[in-house]
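Notes for the structure review
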Amino acid sequence: MKAVFLDGIVLGLQMGLLGVGLTLIYGLGGVLNLSHGQFAVLGAIVMARVLQHGASLWMAVPLGLLAAAAVAVLSDLTIMQPVYRLRGEARVLLGLLLMLGVGTIIDGYLEWKYPIEALNIRISGDPISIIGVPMRVGSLVASAIALAAGAALFVFLRYTTFGRATRSIIEDEEGARLCGINPALVRTLIFGLSGALAGLVAVSRAMTSPVISTAGVELTILALIVAVVGGLGSVSGAFVAGVLLGIVNTVSAFYIGTYITTIVLLAAAALTIVFRPAGILGRRA
Amino acid sequence: MSGISTQSTSASRALELFGAYSPIALTAALLALVPLRYSDSRTMMTVIIIGMVFAAYTIAFNIILGSTGQLFLCTGALAGIGGFTSAILTSKHGWPFIPSIVLGTLLASAIGGLLSWVAVRRSLDAIFTGVVTLAFSLSYENLVLGRKDLTGGENGLRVKAAADTILTTRVAPYYVFLGLVVVYLVLYRLIERSHVGWAFRSLRDDEVAAELSGVNVTRYRVYAGLIGSAMLGLAGALFAHNREFIAPTTFAFGAVDVRVLVMLVFGGIGSMLGPVIGAVALTIVDEALVDFAQLRIMLYGIVIVVLFLGFRRGVVPSVAALRERLTHLGRRSTPAAVKPPGSTPRS
């Protein structure tokens, strides 16, 4: 039971990291990025290809993160521009559909070029005992990455000027503009950051299980569920929701079966929408 | 005096009915001719049968997205619920053919209605509908892959209940599915012309105004979810029996949802014949690009982006509107799209 719980936390931190990237973009631009998971997989495949050419992990990971960030920035600068000119529900709907198109393009490309490619990162070392449960080093490093990224994001949003600007746009875009903040610039940079975070999810996931080239849709859906349960736009909410859902996921997989886990997650998202639409940490219920 | 006026109203009523339903009859007549050319080839018959099945899916999706603005990203999963339910009941539990299809249809309908109910009760519903239905798509897929004892997992499931019926012959199934499409189109028109259609239009144009004038927005959205999902389940169940074999890929997200979305947007969201036009056009394009099958998904993605950036009301209505503008033929009358994402409501 303790082992299942710890595995749940390891998975949950990954899910939190996945949800954070999605929630940031939604908070800023009102765009629900339906290709978030595909960005992650794209980064993973770039890393896998670079690793196959004999490069080290220190070379492959930055290139993978850069690739994911580049595609994200490119989407923001091109097809997202007409979206930002709209308001309200029209913006949400168009943004969502266009990103669905982008995700489908990435999916189709990967399926065509690299149908059986996968990123697998092995961290060697003896299992380390945590409260009496031997944990694989890969899982621990993956969790450390997620925690470090979460902490860095927290510091960035709270204590840097740029981070404060970002939060002010999430609160009120018009108000931020009046204070001299350029929402378009911040949005582009946060899109890039979100892409890099997606790539980072691929890295940390690959340490526990292979990231295959067809995993995009599934990762996107997991990110969506985490973001909705955590409250769209809430960074800390996404991490809390990620860890909770990770534990729920592993426990239900252990006691019922893997096939049931997405149904449990769907139920969690549905219950959140019905009872706490602003998320588990949300103030307006 | 009164006699004359009744006569003229009944005449104008007949004319109106003719105007409302003749496009369906004309479409049906044209589509009925297609097998004349292809009846020799089993391969081509399969292609056009699948085209008809997708036309049926797209009409159903149009009732959900086009009429009430709910972005259901689980058309494949709902059709799959119908297909797998019927297939499992007939092949594993010895149910007869028709009751199994009825149960599959009802189950799909109930799930679709429930998803609608969960998502539309809050603001931000475009997002919540998308999230809940996508999550349902994934749940369905994992369930099909996970319950190997029932569904055969990745190996698929053989469906033999319709082996001796016309559903598994070469040409007749085309007419079965054409019949289904015609029934769906008539249903679409009937709804459009009823009080439900009035409610749909009002909540689609302006949700707040509809709510304020006494339209129960939640209830009508759930109606659309129930009806559209039942149509998807029924088409999926019939398709399963026609194919005699179903696998997770038969109703997969990439295989169904993306295509249905492209077909609907191409033909024109919220127009009656749009789904049929989109299905026919995409079937032709797919056939022309059959040698580039692996590129197909990428192409669909590009088409989605281009369509939503350039032709938010659908290619067919946009081209029609353009032609009308060029020739100055009367007032512009583009079929209204579902909250065309491009037009911000004037307020």
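This write-up is about the structure you can find in this document. (Residues numbered from 1 in each chain as written. Chains lettered and ligands numbered in written order. Predicted model: local features only at pLDDT ≥ 70, side-chain atom pairs only at ≥ 80, totals over all residues. Heavy atoms only, no water.)

1. Observations concerning the packing of aromatic side chains
On inspection of all chains with the given rule, the structure shows 11 aromatic pairs over all chains. One aromatic cluster is present, built from ring pairs that chain together Phe-84, Tyr-140, Phe-239 and Phe-251 of chain B. Just above the ring of Tyr-84 of chain A sits the side chain of Arg-187 of chain A; from NZ or CZ to the centre is 3.6 Å. Lying across the ring of Trp-198 of chain B, Arg-201 of chain B places its NZ or CZ 5.0 Å from the centre. (Phe/Tyr/Trp six-rings, centres within 6.5 Å; stacked < 30°, edge-to-face > 60°. Lys NZ or Arg CZ within 6 Å of the ring centre and 35° of its normal.)

2. What to know about the interface of chain B and chain A
Contacts between the two partners involve 39 residues from chain B, matched on the other side by 39 residues from chain A. Linking chain B with chain A are zero salt bridges, by the criterion used here. At the junction of chain B and chain A, the tally comes to two residue pairs in polar contact (both at pLDDT 80 or more). At 14 residues, the largest contribution of residues to the side of chain B that touches chain A is made by helix H5 (residues 125–146) of chain B. Considering only residue class, the side of chain B that touches chain A consists of 26 nonpolar, seven polar and six charged. (Contact = heavy atoms within 4.5 Å. Salt bridge = Lys/Arg side-chain N within 4 Å of Asp/Glu carboxyl O. Polar contact = N/O pair within 3.5 Å; in protein donor to acceptor, adjacent residues only side chain to side chain. Helix = DSSP H or I, 4+ residues; strand = E, 2+ residues; numbered from the N terminus. Nonpolar A, V, L, I, M, F, W, Y, C, P; charged D, E, K, R; others polar.)

3. Observations concerning the environment of Ile-81 of chain B
Residue and element names in this part refer to chain B. Relative to the helices and strands, Ile-81 resides in helix H3 (residues 75–93). Residue Ile-81 is classed as buried on the basis of its relative accessible area of 13%. Taking the C-alpha atoms as reference points, Ile-81 and Ser-109, 28 residues apart in sequence, are found 9.5 Å from one another. Once you skip the residues sitting within four places of it in the chain, Ile-81 turns out to touch Gly-104, Leu-107, Ala-108, Ile-111, Phe-136 and Tyr-140. (Buried < 20%, exposed > 50% of the residue type's maximum accessible area, 1.4 Å probe, protein only.)

4. Overview of helix H3 (residues 57–77) of chain A
Residue and element names in this part refer to chain A. Counted at 1.5 Å a residue, the expected span for H3 with its 21 residues is 30 Å, and the 30 Å between its end C-alpha atoms agrees. Every buried residue of H3 is listed here: Ala-60, Val-61, Gly-64, Leu-65, Ala-68, Ala-69, Ala-72, Ser-75 and Asp-76. Looking straight down H3, one finds its buried side chains confined to an arc of 155°; they lie on one side. Among the exposed residues of H3, those pointing more than 90 degrees away from its buried face are Trp-58, Leu-66 and Leu-74. Where H3 is buried, its residues meet helix H2 (36–52), helix H4 (81–84), helix H5 (88–113) and helix H9 (183–206). (Expected span 1.5 Å × (residues − 1). Arc of directions from axis to C-beta.)

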